[in-house]
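Report on the structure
So the chains spell out like this:
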Amino acid sequence: MGRALRADAERSVRAILEAAEQVLVDDPGASMEQIGERAGLTRTTVHRRFANRKALMDALAISAKQQLADAIEAGNPDSSPPLIALHRVTANVLRTKNSWKFTLGSPLADTSAAAEIWDRINVRCLDLFTRAQRDGLLAADADLEWTRQVYYALMSEALQRFPEDPNPDAKTTDTLATLVVDTLLHGTGPRN
């Protein structure tokens, strides 16, 4: 999609992407027609915006990962104190990942364009961990790459605790973010 879309075309694309995520999370083999029905659009409109399923999957991957990147930036990782930023980023990412369970859990979402966004996400995470380390939240000798991998795993596990409700309330998200950050920073052993 090289040129800017008209507003109605942009709305159609957004509706298709949202519908695709909802349909595919329940039925990964759903047809383009089923996705169009959920979006309230004809199959022809879906195919006009996405020539085939691969094009749709590529757009889903880029959209989901860009929303993750935006969620991280909304946590003010550069300007907030590291502990606050870490909590905000974690809550924002959990909320976003919960909305994109199919796409972010699918190996089909690993496109080259999406990979570039993912690389930026990884860098932003390491930047935040570097600030946290300088502030004494993480041990001075902590392997930040390992810490990043553990952090991602903790968030994946936290997502398993979300209720079936696709829009968990802020309290649920905040509680899970606190659990992730607390476990990352303090582990599960006794506190001295």
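In what follows, the structure referred to is the one given above.
Parameters at a glance
- As a convention, each chain's residues are numbered from 1 in the sequence order in which they are written.
- Local features are withheld for residues below a pLDDT of 70 in this predicted model, meaning they are given only at 70 or higher, and side-chain atom pairs are given and counted only at 80 or more; totals for whole chains, interfaces and linings count all residues.
- The basis for every side-chain value is the complete set of heavy atoms in the structure, and neither hydrogens nor water enter the calculation.
- By definition, any uninterrupted DSSP run of H or I lasting at least four residues is a helix, any uninterrupted run of E lasting at least two residues is a strand, and each is numbered from the N terminus.
- The classification of residues rests on relative accessible area computed with a 1.4 Å probe and restricted to protein chains. Under 20% of the type maximum is buried, over 50% is exposed, and intermediate values are partly exposed.
- Exposure was quantified through the Shrake-Rupley algorithm and a 1.4 Å probe, taking into account, for residues, occlusion by the shown protein chains and nothing else.
- Here a salt bridge means any side-chain nitrogen of Lys or Arg lying within 4 Å of a carboxyl oxygen belonging to Asp or Glu.
- In plain words, nonpolar cores are sets of buried Ala, Val, Leu, Ile, Met, Phe, Trp, Tyr and Cys residues tied together by side-chain atoms within 4.5 Å.
- Contact criterion: two residues are considered in contact whenever any of their non-hydrogen atoms come within 4.5 Å of each other.
- Here a pair means two rings of Phe, Tyr or Trp (six-membered ring of Trp) with centres within 6.5 Å. Their orientation is stacked below 30 degrees between planes, edge-to-face above 60, and tilted elsewhere.
- By definition here, a helix of n residues has an expected span of 1.5 Å times n minus one.

**Brief notes about the overall build of the protein**
Of the regular secondary structure elements, the protein holds nine helices and zero strands. Reading the helices (α) and strands (β) of the protein from amino to carboxyl end gives α-α-α-α-α-α-α-α-α. Across the 192 residues in the protein, those meeting the buried criterion constitute 42%. In the form shown here, the protein has an accessible surface area of approximately 10,800 Å², with 51% of it arising from carbon and sulfur atoms.

**What to know about the pattern of salt bridges**
For the coordinates displayed, the defined rule picks out six salt bridges. In this structure, the salt-bridge partner of Arg 124 is Asp 78, at a minimum N-O distance of 2.9 Å. Placement of the pair is Arg 124 in helix α7 (residues 112-134) and Asp 78 in the loop between α4 (53-74) and α5 (82-99), with a sequence separation of 46 residues. Overall, Arg 124 belongs to the buried group, its relative accessible area being 17%.

**Digging into the nonpolar core**
Within the largest apolar cluster, 28 residues are counted, with the highest numbers of intra-cluster contacts made by Leu 86, Leu 94, Ile 121, Phe 129, Tyr 151 and Met 155. Of all elements in the fold, only α4, α5, α7, α8 (144-159) and α9 (170-186) reach the threshold of two or more residues within this core. If we ignore the near neighbours within four places in the chain, the residues touching Phe 129 are Leu 86, Leu 138, Leu 144, Thr 147, Arg 148, Tyr 151 and Leu 184. Counting residues in hydrophobic clusters, the runner-up holds 20 residues, among them Leu 24, Ala 30, Ala 64 and Phe 102.

**Things to note about the packing of aromatic side chains**
On inspection of all chains with the given rule, the structure shows three aromatic pairs. Taken together, a centroid distance of 5.3 Å and an interplanar angle of 75° make the contact between Phe 129 and Tyr 151 edge-to-face. With Phe 129 in helix α7 and Tyr 151 in helix α8, the pair connects residues that are 22 residues apart, well separated along the chain. A centroid spacing of 6.2 Å and a plane angle of 45° characterise the contact between Tyr 151 and Tyr 152, whose relative ring orientation is tilted. When sorted by exposure, Tyr 151 lands in the same class as Tyr 152, which is buried. Among the aromatic residues, those joined into a cluster by ring pairs are Trp 118, Phe 129, Tyr 151 and Tyr 152.

**Thoughts on the environment of Ala 142**
Tracing the chain through its elements places Ala 142 in the loop between α7 and α8. With relative accessibility at 25%, the residue Ala 142 sits in the partly exposed group. Spatially, the C-alpha atoms of Ala 142 and Pro 77 are 19 Å apart, while their sequence positions differ by 65 residues. Among residues more than four places away in sequence, those in contact with Ala 142 are Gln 133 and Thr 147.

**Description of the environment of Val 23**
Mapped onto the fold, Val 23 is located in helix α1 (residues 7-26). The class for Val 23 is buried, based on a relative accessible area of 9%. The sequence separation of Val 23 and Glu 37 amounts to 14 residues, and the corresponding C-alpha distance is 9.9 Å.

**Concerning α1**
Its 20 residues place the ends of α1 29 Å apart at the C-alpha level, agreeing with the 28 Å of an ideal helix rising 1.5 Å per residue. Those residues of α1 that fall on the buried side of the exposure criterion are Ala 9, Ser 12, Val 13, Ile 16, Leu 17, Ala 19, Ala 20, Glu 21, Val 23 and Leu 24. Looking at the buried side of α1, the elements it contacts are α2 (32-39), α3 (43-49), α4, α5 and α6 (101-104).

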